[in-house]
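Listed here are the chains, written in short residue letters.
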Amino acid sequence: MSTPSDPKNPVQTFFRERAANAQRGKRAPAPLGHADNTIEAVGFPGVRLSIDEADEALRRVADRLAPLRPLLGRDDFNILALSGGAAGGAFGAGALVGLTKAGTRPEFAIVTGVSTGALIAPFAFLGPAWDDRLADAYVGGHASELLSLKRLGPTLGPSLFRGDSLDGLVAPFVDLELIQAVAGEHARGRRLLIATTNLDSQKATIWDMGEIATRGGEDAVRLFRDVLVASATLPGLFPPKLIDVEVPDGEGGATRYQEMHADGGIAAPLFLMPDALLRWRELGQRLRRGRVYVIFNTVLDPSPLTTPPGVTSIMGRSFETMLRFSYRQALSVAAGFCARHNLPLWSASIPASFSHFNMMKFETAVMRQTFDDAEALAISGRLWSSAVPTPEPLWRGLFKRQPSTRERTVKDPILVPATDLTPTGEASVDLAPRRGPDLEEPIS
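Residues numbered from 1 in each chain as written. Predicted model: local features only at pLDDT ≥ 70, side-chain atom pairs only at ≥ 80, totals over all residues. Heavy atoms only, no water.

Chemist: Would you mind showing me how to read the overall build of the chain here?
Modeler: Broken down by element type, the chain carries 13 helices and 10 strands. When each of the 444 residues of the chain is scored for burial, the buried share is 48%. Sequence-distant contacts in the chain: of pairs separated by 6 or more residues, those separated by 24 or more amount to 77%. For the chain, the exposed surface amounts to about 21,400 Å²; the carbon and sulfur share of it is 56%. (Helix = DSSP H or I, 4+ residues; strand = E, 2+ residues; numbered from the N terminus. Buried < 20%, exposed > 50% of the residue type's maximum accessible area, 1.4 Å probe, protein only. Contact = heavy atoms within 4.5 Å. Areas by Shrake-Rupley, 256 points an atom, 1.4 Å probe, with all protein chains shown as cover.)

Rendered as structure tokens:
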């Protein structure tokens, strides 16, 4: 029970509220000084991907994410990465629904997500049958209601909104039925990965959500939700999530700690696989017939304007510029990875022409317009652009002259940002409605 404020003693009230918030902020210590691969979520060993640069460790994780397949197999290996962007998640949701309606939505072997992309990822992973629930989550009015001024947190609290605001947004859509569906797809060999940022260790933590789902029960539902909420917890807007972990004590038992996790976009604006695995020299052979798709739930292109001289305007403009640079850098890393492994890369982002877009506007009408516009782009075949030329089947190389290095130059998406969603140039693929990237000749 809280003590009522005394209007006659504002100083006393100030320190009383500060002390109350300090009490609410108590937590167990973090497992500092312990190796990452010795730390496990309580009751859920093996659900986090903690790897080092050793070949054997990398091979074990590669076997888990991208196992070797028969040389003559015909199965595709599609990867989808979903970025952050707060209210911009309506773009990614609309894009996926539009791809379903256009009949051009691939099945993805690996789906990764951070921040609002983490909230989209389970539905992207489960496929078109879950589109209605995905659409409801983003344009059903829930965000506008739960993130209203009525949900503001306490004075001097850790965030603008109370922690139950985001929990209340996630819980109705992530239930036992969804967990069981994710477990079923995980059993087929597909993988759903979510990144959070461990504020204690200042590292990204990658969670194998299918492995969590496989354990089943209410505890799995709770941890699944906690990871999604943590990944979407924008610092200052929502309070970070404390996750219980344990470390072997050397005597057959375990010592319990807590880790503080927040927005996955802090450490990884977008990711395809763990960083160490991206650098592994033996990964390429596992990616035959692979394609990479990335959806940025924000605007990537610069938007020149005269910045007002006020503090708020300068801080807001600086934050926006920093985010766009980080996302374009993430795209550059993805483009480099795909170029090294001869993989086509298809990217989508919110066009600068979406003048109504604001990542911090959770009004239903604004999110609905973003959703509808993204859906229309996908249906019309104008969603994707390509930073990496689409490789040809290997057998064609036996009968035609290979293009010169100059003709196959990959544009740097930072130095040469896209100005149109429709790919141009000889190396790009015609994205007219009759032919999408998923219908291209596969890589043999």
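Chemist: For this particular structure, what's the right way to read the packing of helix α8 (residues 176-187) against helix α10 (residues 217-231)?
Modeler: Angle between the axes and distance between the axes: these two values describe a pair of packed helices. Two elements in contact, α8 and α10, have axes whose closest approach is 10 Å; the angle formed by their N-to-C orientations is 90°. Viewed along their axes, α8 and α10 adopt a mutual orientation that is roughly perpendicular. Facing Leu176, Leu178, Ile179 and Val182 of α8, the residues of α10 in contact are Gly217, Val221 and Phe224. Tallied by class, residues from the contact of α8 with α10 come to six nonpolar, one polar and no charged. (Axes fitted to C-alpha atoms, helices over the stretch in contact; angles between N-to-C directions. Parallel < 35°, antiparallel > 145°, perpendicular 65-115°, else oblique. Nonpolar A, V, L, I, M, F, W, Y, C, P; charged D, E, K, R; others polar.)

Chemist: Please explain the pairing of strand β2 (residues 77-82) as it appears in this structure.
Modeler: The side chains of a regular strand alternate between the sheet's two faces. Within β2, six of the six residues are buried, which leaves the element mostly enclosed by the surrounding structure. Burial of β2 is two-sided: the residues Phe77, Ile79 and Ala81 facing one way and the residues Asn78, Leu80 and Leu82 facing the other way are all buried. Sheet topology places β2 next to strand β8 (residues 290-296); six bridges connect them, and they run parallel. Considered in β8, the bridge of Leu82 is made with Ile295. Relative to strand β3 (residues 110-113), β2 is paired through four bridges, and the arrangement is parallel. Looking across to β3, one finds that Ala81 is bridged to Thr112. In the classification by handedness, the crossover that spans β2, the intervening helix α3 (residues 89-102) and the parallel β3 is right-handed. (Pairing = 2+ DSSP bridges. Right-handed = clockwise from strand over helix to strand, strands pointing away.)

Chemist: What's the story with helix α5 (residues 131-139) in this structure? I'm lost.
Modeler: Residues that lie three or four places apart on an α-helix share one face, since the helix turns once every 3.6 residues. Extensive coverage of α5 is indicated by the burial of seven of its nine residues. The set of residues buried in α5 consists of Asp131, Arg133, Leu134, Ala135, Ala137, Tyr138 and Val139.

Chemist: Mind showing me how you'd approach the packing of aromatic side chains here?
Modeler: Each aromatic ring pair is described using two quantities: the centre-to-centre distance and the angle formed by the ring planes. As enumerated under the stated definition, the model contains four aromatic pairs in all. A ring pair is formed by Phe91 and Phe354, whose centres lie 6.3 Å apart and whose planes are at 70°; its orientation type is edge-to-face. Of this pair, Phe91 sits in helix α3 while Phe354 sits in the loop between β9 (345-349) and α13 (364-380), placing them 263 residues apart in sequence. What makes Phe91 buried here is its relative accessible area of 0%. Classification of Phe354 as buried rests on a relative accessible area of 9%. Both rings, one in Phe108 and one in Tyr293, keep their centres 5.6 Å apart while their planes meet at 75°; by these two values the pair is edge-to-face. (Phe/Tyr/Trp six-rings, centres within 6.5 Å; stacked < 30°, edge-to-face > 60°.)

Chemist: It is not clear to me how the pattern of salt bridges should be interpreted in this structure. Could you clarify?
Modeler: As a working rule, side chains carrying opposite charge can pair if their charged atoms are close by. As enumerated under the stated definition, the model contains 23 salt bridges in all. Where Arg215 meets Glu211, a salt bridge forms, and the shortest distance between an N and an O atom there is 3.2 Å. Highlighted residues: Arg215 and Glu211, both in helix α9 (residues 209-215), separated by four residues, approximately one helical turn. Judged by relative accessible area, Arg215 falls into the partly exposed class, the value being 34%. Each member of the salt-bridge network shares a partner with another, and the members are Glu107, Glu185, Arg188 and Arg190. (Salt bridge = Lys/Arg side-chain N within 4 Å of Asp/Glu carboxyl O.)

Chemist: It is not clear to me how the nonpolar core should be interpreted in this structure. Could you clarify?
Modeler: Soluble globular proteins tend to pack their nonpolar side chains together in the buried interior. Grouped together as the largest cluster of nonpolar side chains are 117 residues, with contacts concentrated most on Tyr138, Ile212, Phe224 and Met273. What Met273 contacts, discounting residues up to four positions off in sequence, is Ala66, Phe77, Ile79, Ile110, Leu278, Leu283 and Leu287. (Core = buried A, V, L, I, M, F, W, Y, C linked by side-chain atoms within 4.5 Å.)

Chemist: Explain the pairing of β9 here, please?
Modeler: Taken across its five residues, β9 has five buried, putting it largely inside the fold. Residues Leu345, Ser347 and Ser349 line one face of β9 and the alternating positions Trp346 and Ala348 line the opposite face, and both faces are buried. Bridge count for β8 against β9 is five bridges, and the pairing is parallel. By the bridge assignment for β9, Tyr293 is matched with Trp346.

Chemist: Which parts of the structure should I look at to understand unusual backbone geometry?
Modeler: Most peptide bonds adopt trans geometry, and most residues besides glycine take a negative phi value. A positive phi angle, near 55°, is found at Ala86, a position not held by glycine. Relative to the helices and strands, Ala86 resides in the loop between β2 and α3. A positive phi angle is found at Asn342, which is not glycine, with a value near 60°. With respect to the secondary-structure elements, Asn342 resides in the loop between α12 (311-340) and β9. Owing to a relative accessible area of 34%, Asn342 belongs among the partly exposed residues under this scheme.

Chemist: I would appreciate a short explanation of the environment of Leu65 in the present structure.
Modeler: On the secondary structure map, Leu65 appears in helix α2 (residues 55-65). For the pair formed by Leu65 and Asp208, sequence separation is 143 residues and the distance between their alpha carbons is 9.5 Å. Beyond its immediate stretch of four places on either side in the chain, Leu65 contacts Leu49, Phe77, Ile110, Arg191, Leu193, Pro274 and Leu277.

Chemist: Looking at this model, I keep getting lost on helix α4 (residues 116-126). Mind explaining?
Modeler: By the criterion of burial, α4 is predominantly enclosed, with 11 of the 11 residues buried. Of all the positions in α4, only Thr116, Gly117, Ala118, Leu119, Ile120, Ala121, Pro122, Phe123, Ala124, Phe125 and Leu126 are classed as buried.

Chemist: I'm lost on the packing of α3 against α13 in this one. Help?
Modeler: Relative to each other, α3 and α13 sit at 35°, their axes nearing to 7 Å. Both α3 and α13 take part in a crossing whose hand is right-handed. Packed against α3, whose contacting residues are Ala90, Phe91, Ala93, Gly94, Ala95, Val97, Gly98, Leu99, Lys101 and Ala102, the element α13 presents Met367, Thr370, Phe371, Ala374, Glu375, Leu377, Ala378 and Ile379 at the interface. Of the residues belonging to the contact of α3 with α13, the class tally is 13 nonpolar, three polar and two charged. (Left-handed = near helix turned anticlockwise from the far one by under 90°.)

From the geometry alone we can't say anything about function, so treat these as descriptive.
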